[in-house]
Amino acid sequence: MRKLSVADWFFALLALTVVVGGGVMMFARSAPPMQHQNMGAVVPAAHSDGLSDVESGYRFDPVTTPASRGEAVPVAFRILDGAGRPVTRFLDNQTKQMHFFSVREDMHVFEHLHPVLDGDTWRTTLSLPDGGVYRMFAEFVPLDTADARHPVVLGVPFSVPGDTTVVPVPAPEAGVSTTGGYTVVRVDEDRPKSLNPHVLRLSIRAPDGTPVSSLEPHLGANGHMTGFHTMLLSATHLHPVELAGIPLNNGELSFQAVFADRGEYRLFLEFRHGGELRRAAFTVDVG
């Protein structure tokens, strides 16, 4: 039997290295990719934000855009599908098929309306007391949606000519808003985090200072709230926790929210009491 030379030992060792190395490489290739491993809790998705006029196969098609200030400036638009056909039926979202919002970039002028369908066109009027840069939003829930709690929101900018008296957005630290003698105070203390669920709690006090124990129904709930990022002008829909007719605990009204971005949001609360619809506004800082 021939004795192994140094060269023989070298090539044998080299072959063993290749085999072992190949095994290591095969093991590395067979490991599951990083995105399939457990990376922690799933972060909930934020709502559609209205920063585009096209989303989820729908397009905001302006027919009549506000071009001047006034008390009843006409607005008309259509919602088109991917084939360019008008869509005229949606699921009820807080008792309405279509919610329409208009907000000026300084958050000082805001309206929440429910347009009327005229053929294939949605129509309403806006109160525009001052010039400036605005954005209008159409919010609706498609009939074939997989999640009725997440409406589609489409947005289109428009400008009103003339002088504009810009009003600074109130600081988040205030946390108090008054409307028609009522006082609304934000009582949750945690700072909301972007893309994390948060419950906003608001205490409503009557003009005599006593907590409001019950509210009259408004859009199928005790209240409605919509928020807008003060820099991006993106929209955020908040879900009421208490449905219509449920008594308020110590005058508190709650809303579930998931904010998409960091920064300040201006929130507009609408509630009905004493036969009148009232509106309060807050600035919330999201980290």
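Bear in mind the structure is a predicted one, so any value in this text is a computation, not a measurement.

## Comments concerning the overall build of the protein chain
Summing up its helical and strand segments, the protein chain has one helix and 17 strands in all. In the protein chain, which comprises 287 residues, the proportion classed as buried is 42%. Residue pairs in contact within the protein chain that sit at least 24 positions apart in sequence constitute 65% of those at least 6 positions apart. Accessible area of the protein chain: about 15100 Å², with a carbon and sulfur share of 58%.

## Notes on the side chain of T124
Turning to its location among the elements, T124 is positioned in strand β7 (residues 121–128). If we skip the residues at most four places from it in the chain, T124 touches V73, P74, V75, F100, L113 and P115.

## Details of the nonpolar core
Ranked by size, the top nonpolar core spans 24 residues in total, and within it F60, F77, I79, M98, F100 and F140 carry the most contacts. Only β2 (58–64), β3 (70–80), β7, β8 (132–140) and β9 (152–160) provide two or more residues apiece to this core. Looking at which element gives the most residues to this core, the answer is β9, with five residues. If we ignore the near neighbours within four places in the chain, the residues touching F100 are F60, V75, F77, E111, H112, L113, P115, T124, L126, M136 and F137. Residues V212, M225, L269 and A280 belong to the second largest nonpolar core, which totals 23 residues.

## Notes on the sheet that holds strand β4 (residues 99–104)
The strands that make up a sheet pair up through hydrogen bonds in the backbone, lying either parallel or antiparallel. Taken together, the four strands give an open sheet; going across it, the order is β5-β4-β8-β9, and neighbouring strands pair in antiparallel fashion. Both edges of this open sheet fall to β5 (110–113) and β9, since each of them pairs with a single strand only. On average, adjacent strands in this sheet sit at an angle of 15° to one another, irrespective of strand direction. One ladder, built from six bridges, connects β4 with β8; its direction is antiparallel. Bridging across to β8, F101 finds its partner in F137.

## A look at the pairing of strand β16 (residues 263–273)
The pairing of strand β13 (residues 224–229) with β16 spans six bridges and is antiparallel. Within the sheet, the bridge partner assigned to G227 lies in β16 and is L267. Of the pairings in the sheet, the one linking β16 to strand β17 (residues 276–286) comprises eleven bridges and is antiparallel in character. Within the sheet, the bridge partner assigned to L269 lies in β17 and is A280.

## Quick notes on unusual backbone geometry
Positive phi, close to 50°, is recorded for Q94, a residue that is not glycine. Residue placement: Q94 occurs in the loop between β3 and β4. For Q94, a relative accessible area of 15% corresponds to the buried category. The backbone of L195 sits at a positive phi, close to 60°, despite the residue not being glycine. According to the relative accessible area criterion, L195 is partly exposed, its value standing at 33%.

## Thoughts on the pairing of β2
Taken together, the two bridges between strand β1 (residues 54–55) and β2 define a ladder with antiparallel strand orientation. Bridge assignment links E55 to a residue of β2, and that residue is Y58. A loop of two residues connects β1 with β2, the two strands running antiparallel in sequence, and S56 in this loop sits at a positive phi of about 55°. Once β2 ends, the chain turns through five residues before running back antiparallel as β3.

## Observations regarding the environment of R201
Locating R201 in the fold gives a position in strand β12 (residues 197–205). Residues R201 and E252, spaced 51 residues apart in sequence, show a C-alpha to C-alpha distance of 6.3 Å. Polar side-chain contacts of R201 include one of 3.1 Å to the side chain of E252.

## Digging into the packing of aromatic side chains
Tallying each qualifying case throughout the model produces 14 aromatic pairs. Between F101 and F110, the aromatic rings sit 6.4 Å apart at their centres with planes inclined by 20°, giving stacked as the arrangement. For the pair shown, F101 and F110 are each scored as buried. Aromatic side chains F228 and F268 sit 6.1 Å apart centroid to centroid with 65° between the ring planes, which places their arrangement in the edge-to-face category. With F228 in strand β13 and F268 in strand β16, the pair connects residues that are 40 residues apart, well separated along the chain. Neither F228 nor F268 differs from the other in exposure class; each is buried. Within the aromatic cluster, the residues linked to one another by ring pairs are F101, F110, F137, F228 and F268.

Criteria and thresholds
- Residues numbered from 1 in each chain as written.
- Predicted model: local features only at pLDDT ≥ 70, side-chain atom pairs only at ≥ 80, totals over all residues.
- Heavy atoms only, no water.
- Helix = DSSP H or I, 4+ residues; strand = E, 2+ residues; numbered from the N terminus.
- Buried < 20%, exposed > 50% of the residue type's maximum accessible area, 1.4 Å probe, protein only.
- Contact = heavy atoms within 4.5 Å.
- Areas by Shrake-Rupley, 256 points an atom, 1.4 Å probe, with all protein chains shown as cover.
- Core = buried A, V, L, I, M, F, W, Y, C linked by side-chain atoms within 4.5 Å.
- Pairing = 2+ DSSP bridges.
- Axes fitted to C-alpha atoms, helices over the stretch in contact; angles between N-to-C directions.
- Polar contact = N/O pair within 3.5 Å; in protein donor to acceptor, adjacent residues only side chain to side chain.
- Phe/Tyr/Trp six-rings, centres within 6.5 Å; stacked < 30°, edge-to-face > 60°.

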